[in-house]
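Fold and contact review
The residues making up each chain are set out below.
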Amino acid sequence: MKIVSLTIIAFYVSVSVFCQSRQDIQWSKNGNSFYNIEASSIAEIQLPSFTKKTIVEAASLVPKGQSKGLNVRSFSFSDDGKKVLIFTNTKKVWRRDTRGDYWVLDMNNKGLVQLGKGRPTSSLMFAKISPDGTKAAYVSEHNIYVEDLGTNKITQLTKDGTLRLINGTFDWAYEEEFDCRDGFRWSPDSKNIAYWQIDATKIKNFLLIDNTDSLYSFTKPVEYPKVGQNPSPARIGVVNVATAKTTWMTLPGDPVQHYIPRMEWAANNSQVILEQLNRKQNEAKIFLCNIATGASNAIYTEQDKAWIDVKSRWSEDPTGWEWINGGKEFLWISEKDGWRHIYRMGRDGKETKITKGNYDMISLEAIDEKNGTVYIMASPNNATQQYLYKVSLSGEGDAELLSPGSEKGTHAYNISPAATYASHYFSNLSGEWVADWVSLPNHSSFVTNGKSEARSAGSSVPEMFQVTTEDNVTMDGWMIKPKNFDSTKKYPVLFQVYSEPASMTVRDARGSAGTFLYSGDMAADGYIQIGLDGRGTPAPKGAAWRKAIYRKIGMVNIRDQAMAARKISNWNFVDTSRIAVWGWSGGGSTTLNLLFQYPEIYKTGISIAPVANQLLYDNIYQERYMGLPQENMEDYVNGSPVSHAKNLRGNLLVIHGTGDDNVHYQGTEILINELVKQGKNFQMMSYPNRTHSISEGEGTRRHLSNLFTTYLKEHCPGGAR
C-alpha cells in the first residue's frame, strides 16, 4: 500500500542543470563536481564555478558496427575512474527499471564492450565493477555472474537460481516492503561476493487474470505471501570469485520466521554484517559473520512493543552501512527512547547516543568524519516542516540549525560525498520556493537558480491549520478555501485521506495540497479541500504518535480522522450535508472505513485501489503494523472495511485496476459481494489490467480524472449556499 502517495511534492524543481533531483545528481568521488548526461554524452560540472567538461563523448558510446549511440539511463565509474559502466535498454521489474543491458567503456582506449554477451536481452541487473577494476558482476535470471573485463570471460557463480529460488535480488514482498532490490556486494579486495538467496518456492502464486490481450484469457502469477502465510526464507552466502564456492552464513532461529533486510561487508574482507528481524518485526539483531566458517556473532539486540523500522524509513537508499573510525564503529538508528535518534556503535555493541532531545531525526543526510559532523533533517517545532541540522559525531553539544531560519517550510538537500557542497531546495505551502547551491558547513549560497515569493493571502491559497479532537489529539492539516470565499455562506468539504504508517499527506511544502485527480479548478467550483494527518502517520512527532496505530489500523486512524471532521463540521461555513472523502491505496481503505463507520459525518466517498480486507494484503507490511492474525484475528476483522460495509448510507464509488499486483482486485470483489449481500447501492469502475497506479493505457488517467470529477460534482456539488 505504500507506493501511492496522495500528494505529489516537488522537493526539487528542474530549473536548470544546476538544480536536479536527489536521484539525478551523480557526484564525483571527491564531491567537488558532479556528472550530467547530455545528448548521449557525459559531462562533469566542477563546483563552485560550474565549469563544464565533456568527459565521455557521444561518439565513444556508439557500439562497433552501429550508427546510433547508447541511450544512457544511468552510469557509474570504477573506483580508479578508468572505466565507465553504462546502463541502457532498461525494463521494469515491478516498480522500477532495474533490468537492462550493461556496457563498459574503457576511458583509456575508448573500447566499448557489452557485458553478458549470450544472455537474454535486457536481462542483466545491478551490474557493478569490482573495487580493483578488473571484473564486473551482475545478476541474470536469478543467478550471479562475474565477467573478466580484460578477456570478457564469463563465469557463472551460482547455478541453482530459478524463478522462485532467487540469487542476488529479491522477491515481490522484499522489494515492495523493505525496498530491497540490489542483492549482492563485492568484497573490498574483489575476491568474494556476498549475496542474498530468497527461497520463494513455497510462496503461493496470486493469479492476475488478463481478459483483454488475447482471444483466450490467461493468468499472470505473482509470488505473493499474504497475511498469516509464511514469508520466503532468506539466507546470506559468500561466493569466492575464483572457485565459485559459496559459504553460507549460519544464523540462529527458523529462517522462515525471520527477515534479513540489511547486509553489507563489515569494513574488512573477512566479515559481513547484517540485520535480522523476527517475523513480527519487533526484535532486531545485528550479527557479524565470519565468511570463512559462516559462524555468526550477535553484537546487538533491540526489542519494541510495536515494530522496529528498517533503514528505508530514514534513507532514500537502503543499501550501505555507515562505518566510521576506520571500521571500528558504525552509526545506528533507533527509537528505543521514544524518539528516532542516531547512535554510534562499536563492533562489540557498545553505543553512544549522538542526537539527543525530544525530537526525531527525520533522515540521515551525510557524514563528514573529517570534521566530526553528521548532517540530519529534523524539525523539532513543527512536524509538517523539515530543516538541515548538523550534530557532532562525538555526541557532545546540541544540534545546530543550518537551514535559513527565515525560510519556514520544507528543505531538501543532496549533499556531496565530502559534505562540501549541496543542492538545496526550499518551499512552503504558501508558494515560496528557492532552488540554489550551498557550501557546507556554513550553508552559504553561491548560486541561486530560481526563487519565488509567497502568494498573497486569500481564498484558494493553501493554508496550514491544526485541529484538536475530543480525544485531545491535535492533528495537522492543510486547507484550500474556495475562490471568493464568503464566511457567511456554507460550502462542501472534500477530505483527502491516507492515514496509514506508510505516508504523510500534510507537509508545509509547495505542491503538497490540492486534489490532483480533479479535472478543473476546485477552488473556482466552490469546494473546501482539506487534508489531515492523525496518529499512526510517519510524522516526526515521536514513536508514541507513530506507533499508536499498532494492531489498530482501521480503528485508531479512522477515529482520529472522523473526530477531526466532526470538529470541522462545526465551523459555520461548512455544509454538513456535503461532506465527501477520497483516498488511494491505504487512503482508499480509510475512505471506506470512514464512510462505513461514520455514515453520519461522511456523505460521499471515492475509494481507489482499497484494501477492503486486511487479511488479503502482504505479510511484511500488514504483520509489521497489525501483528500475526493467528494471535489477534479480531484486530484484523475490526479494522477491515468489509466488516462495516453493512453501515453504508451515503454515496460510494469504488475504483480499482484488475491488474493490481500490490493491492489485489480480489479485495474489491469481496467488498462488492458484501455490499450486494447487505442490499447497499454503490457504483464501481474497474480498469482492465491496470496496476496500482492506474496509469497504463491510452486515455486512462484522463478517464479516471473525469470519472472522479463527474461523480463528485453529481453527489457533492460545489458552490456556496
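Criteria and thresholds
Residues numbered from 1 in each chain as written. Predicted model: local features only at pLDDT ≥ 70, side-chain atom pairs only at ≥ 80, totals over all residues. Heavy atoms only, no water. Helix = DSSP H or I, 4+ residues; strand = E, 2+ residues; numbered from the N terminus. Buried < 20%, exposed > 50% of the residue type's maximum accessible area, 1.4 Å probe, protein only. Contact = heavy atoms within 4.5 Å. Areas by Shrake-Rupley, 256 points an atom, 1.4 Å probe, with all protein chains shown as cover. Lys, Arg positive; Asp, Glu negative; His and termini not counted. Charge placed at Lys NZ, Arg CZ, Asp CG, Glu CD. Salt bridge = Lys/Arg side-chain N within 4 Å of Asp/Glu carboxyl O. 1 Å grid on protein atoms, 1.4 Å probe; cavity = no way out; pocket = protein on both sides within 12 Å on 5 of 7 lines; lining within 4 Å. Points joined across faces, edges and corners; volume = space filled by probe spheres on them. Nonpolar A, V, L, I, M, F, W, Y, C, P; charged D, E, K, R; others polar. Core = buried A, V, L, I, M, F, W, Y, C linked by side-chain atoms within 4.5 Å. Pairing = 2+ DSSP bridges. Axes fitted to C-alpha atoms, helices over the stretch in contact; angles between N-to-C directions. UniProt positions renumbered as here; feature names shortened; annotations may be inferred. Polar contact = N/O pair within 3.5 Å; in protein donor to acceptor, adjacent residues only side chain to side chain.

Further remarks concern the overall build of the protein chain. Regarding its fold elements, the protein chain presents eight helices and 43 strands. If one aligns the C-alpha atoms of the protein chain with their principal axes, the spans along those axes are about 75 × 60 × 60 Å. When burial is assessed residue by residue, the protein chain has 58% of its 721 residues classed as buried. A separation of at least 24 residues holds for 59% of the contacts in the protein chain among residues at least 6 apart in sequence. Taken as a whole, the protein chain presents about 28200 Å² of accessible surface, with 47% of it coming from carbon and sulfur. Of note, the protein chain has its 79 positive side-chain charges centred 1 Å away from the centre of its 76 negative side-chain charges.

When their charged atoms lie close together, side chains carrying opposite charge are able to pair. Taken as a whole and assessed by the stated rule, the structure comprises 38 salt bridges. Residue Asp-476 is joined to Lys-541 by a salt bridge in which the shortest nitrogen-to-oxygen separation is 3.0 Å. Here Lys-541 lies in the loop between β39 (528–533) and α2 (543–547) and Asp-476 lies in strand β37 (residues 474–480), a separation of 65 residues in the sequence. Judged by relative accessible area, which is 8%, Asp-476 ranks as buried. Taking the shortest distance from any N to any O, the salt bridge between Asp-521 and Lys-483 comes out at 2.8 Å.

Turning to the layout of surface pockets, a few remarks are in order. The method is simple in principle: a probe with the dimensions of a water molecule rolls over the atoms, and the space it marks as empty is what remains. Taken as a whole, the second largest pocket spans an internal volume of roughly 610 Å³. Lining of the second largest pocket is provided by 22 residues; of these, Val-93, Trp-94, His-142, Leu-163 and Glu-223 occupy positions nearest its centre. The greatest single-element share of the lining of the second largest pocket, amounting to three residues, is contributed by strand β17 (residues 218–223). For the lining of the second largest pocket, the residue count by class is nine nonpolar, six polar and seven charged.

If you look at the biggest cluster of nonpolar residues, it comprises 47 residues, and the most contacted ones within it are Tyr-174, Phe-178 and Val-272. Elements with a minimum of two residues in this core: α1 (172–178), β15 (192–199), β16 (205–210), β18 (234–240), β20 (258–265), β21 (271–278), β22 (283–290) and α5 (619–626). Phe-178 has contacts with Ala-173, Tyr-259, Pro-261, Leu-277, Gln-281, Val-310, Ser-312, Pro-318, Ile-620 and Arg-624, leaving out every residue within four places of it along the chain. One finds Ile-528, Leu-532, Leu-592 and Phe-596 within the second-largest nonpolar core, a separate group that totals 40 residues.

With that settled, consider the pairing of β39. Summarising burial for β39: six of the six residues are buried, a large majority. Pairing of β37 with β39 involves five bridges; the strand directions are antiparallel. Residue pairing in the sheet places Met-479 in a bridge with Ile-530 of β39.

Another point: the sheet that holds strand β38 (residues 491–496). Spatially, eight strands are ordered β36-β37-β39-β38-β40-β41-β42-β43 in an open sheet, and the strand pairing comes out mixed. Two strands close off the open sheet at either side, each with one partner strand: β36 (463–468) and β43 (683–687). The average angle at which neighbouring strand axes cross in this sheet is 20 degrees, direction not considered. In this structure, β38 lies alongside strand β40 (residues 574–584), joined through five bridges in parallel fashion. Within β40, the position partnered with Gln-496 by the bridge is Trp-582. Here helix α7 (residues 665–677) sits on the sheet in contact with β42 (651–657) and β43, set at roughly 150 degrees to β42.

The next point concerns the UniProt feature "domain: Peptidase S9 prolyl oligopeptidase catalytic" (unreviewed entry) in the protein chain. What UniProt calls "domain: Peptidase S9 prolyl oligopeptidase catalytic" (unreviewed entry) maps, in this numbering, to residues 522–715. Secondary structure within residues 522–715 divides into 41% helix and 18% strand; the distance between the first and last C-alpha atoms comes to 15 Å.

Counting buried positions along α5 gives eight out of eight residues, so the element sits mostly inside the fold. Looking at α5, one finds that the buried residues are Asn-619, Ile-620, Tyr-621, Gln-622, Glu-623, Arg-624, Tyr-625 and Met-626. Residues of α5 that are buried sit in contact with α1, β20 and α6 (629–639). Following α5 by one or two positions, Gly-627 has its phi on the positive side, about 80 degrees.

With respect to the helices and strands, Asp-508 occurs in the loop between β38 and β39. Judged by its relative accessible area of 9%, Asp-508 is buried. Polar side-chain contacts of Asp-508 include one of 2.8 Å to the backbone nitrogen of Leu-429.

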